[in-house]
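Summary of the model geometry
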Amino acid sequence: MRIATWNVNGLRAALRKGFPEHLERIAPDVLMLQEVRALPEQLPKAWQEPEGWHATWHPAEKKGYAGTAIWTKEKHEVIARGIEGDDVDPEGRVLTAKYNGAICSSIYLPSGSSGDHRQAEKEKWMEIFRPWADGMKRKRSAVVLGGDFNIAHTTKDIFYAKSNEKNSGFLPHEREWMGALIESGWQDFVREEAGDVDGPYTWWSNRGKARELDRGWRIDYLLGNKQANEIAGKIWVDREAGLACSDHAPVILELD
């Protein structure tokens, strides 16, 4: 079973930039989307109920903002929207479903880069996210948390580490939080596969030549509990699709 997570930075725009072709090439069984930024009825008619997929949408109440979705090749069971109960998530940040025995959560944690008020919202999410993740980790099923966490964990996960030490997404307490989350029992599949190297990055600024020169951040993750780690196979970042359709690359995992 192939699982992909992808922040598409607006699905309507991604559809115009080659998303369908890259999706066909990547060929996931489970697709977790973030930053959909559209209600289903705002999408082109063919993509409101995409052919060949069973889609669950969790849009933000604010139009054109945030939102997550999960698409699967066969029917899935929706477990929850949000992390404190169904529908208690006005920005559409977390969507969880069960498919073929595995539990998958599409996650889009807030960015704090636009100001102190958004950083405060991000830190509120960080506070409530960890207990929820601890509960998810203990489930008997394989559990995969996939999405844009808006935090680069270590200096290996960001090209310009020194100059970003005081910026949201690479603040010391954010990095500590991310490290504690992983060390609590979640496998960071990409880092385990890549080893002690810089990158692979999953997000690039549109400024300068960051995209062209691959000077980015790794803020998109696939994390697995013990049961998922036992059946994990190949993991990779598809930079080609990211550069074509979004400012984020999809991250893909195969489970046996």
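Here the structure is a predicted model, which means the values were calculated and not measured.

Each value, and the rule that gives it
Residues numbered from 1 in each chain as written. Predicted model: local features only at pLDDT ≥ 70, side-chain atom pairs only at ≥ 80, totals over all residues. Heavy atoms only, no water. Pairing = 2+ DSSP bridges. Helix = DSSP H or I, 4+ residues; strand = E, 2+ residues; numbered from the N terminus. Contact = heavy atoms within 4.5 Å. Axes fitted to C-alpha atoms, helices over the stretch in contact; angles between N-to-C directions. Core = buried A, V, L, I, M, F, W, Y, C linked by side-chain atoms within 4.5 Å. Buried < 20%, exposed > 50% of the residue type's maximum accessible area, 1.4 Å probe, protein only. Salt bridge = Lys/Arg side-chain N within 4 Å of Asp/Glu carboxyl O. Phe/Tyr/Trp six-rings, centres within 6.5 Å; stacked < 30°, edge-to-face > 60°. Lys NZ or Arg CZ within 6 Å of the ring centre and 35° of its normal.

**Observations concerning the sheet that holds strand β7 (residues 102–108)**
Strand order in the open sheet formed by 6 strands is β5-β6-β7-β8-β10-β9, and the pairing between neighbours is mixed. Lying at the two open borders of the sheet, with one neighbouring strand each, are β5 (77–81) and β9 (187–188). Both strand β8 (residues 142–148) and strand β10 (residues 220–224) contribute to a ladder of 5 bridges, which runs antiparallel. Its bridge partner being in β10, Val-144 is matched across the sheet by Gly-224. Against the sheet, helix α4 (residues 116–137) engages β6 (94–99), β7 and β8, with an angle of about 175 degrees to β7.

**Brief notes about the nonpolar core**
Ranked by internal contacts, the top residues of the largest apolar core, which has 23 residues, are Ile-3, Val-30, Met-32, Val-144, Leu-222, Ile-235 and Leu-253. Listing elements by their share of this core, those giving two or more residues are β2 (30–34), β6, β7, β8, α6 (189–194), β11 (232–237) and β12 (251–255). Val-30 has contacts with Met-1, Arg-2, Ile-3, Ala-4, Ile-70, Trp-71, Thr-72, Tyr-99 and Cys-104, leaving out every residue within four places of it along the chain.

**Re the sheet that holds β11**
One open sheet accounts for 6 strands, arranged β3-β4-β2-β1-β12-β11; its pairing is mixed. Lying at the two open borders of the sheet, with one neighbouring strand each, are β3 (54–58) and β11. The average angle at which neighbouring strand axes cross in this sheet is 15 degrees, direction not considered. The pairing of strand β1 (residues 2–7) with β2 spans 5 bridges and is parallel. If you follow Thr-5 over to β2, its bridge partner there is Met-32.

**Regarding the pattern of salt bridges**
Scanning the entire structure with this criterion turns up 16 salt bridges. For the salt bridge of Asp-134 with Arg-130, the shortest nitrogen-to-oxygen distance reads 3.1 Å. With a gap of 4 residues between them, Asp-134 and Arg-130 both fall in helix α4, about one helical turn apart. By sharing partners, the salt bridges in this structure join Asp-157, Asp-188, Arg-191 and Arg-218 into a single network.

**Quick word on the packing of aromatic side chains**
One pass over the full model with this rule turns up 12 aromatic pairs. Ring plane angle 85 degrees and centroid distance 6.0 Å describe the contact between Trp-203 and Trp-217, whose orientation is recorded as edge-to-face. With Trp-203 in the loop between α6 and β10 and Trp-217 in the loop between α6 and β10, this pair connects stretches of sequence that are 14 residues apart. Through pairs of rings, three or more aromatic residues link up here, namely Trp-6, Phe-19, Trp-47, Trp-53, Trp-57 and Trp-71. Sitting over the ring of Tyr-65, Lys-62 keeps its end group 4.8 Å from the ring centre.

**Focus: the pairing of β2**
Burial of β2 is extensive: 5 of the 5 residues sit out of reach of the surface. Side-chain alternation along β2 places Val-30, Met-32 and Gln-34 on one buried face and Leu-31 and Leu-33 on a second face that is also buried. The pairing of β2 with strand β4 (residues 68–72) spans 5 bridges and is antiparallel. Bridge assignment links Leu-31 to a residue of β4, and that residue is Trp-71.

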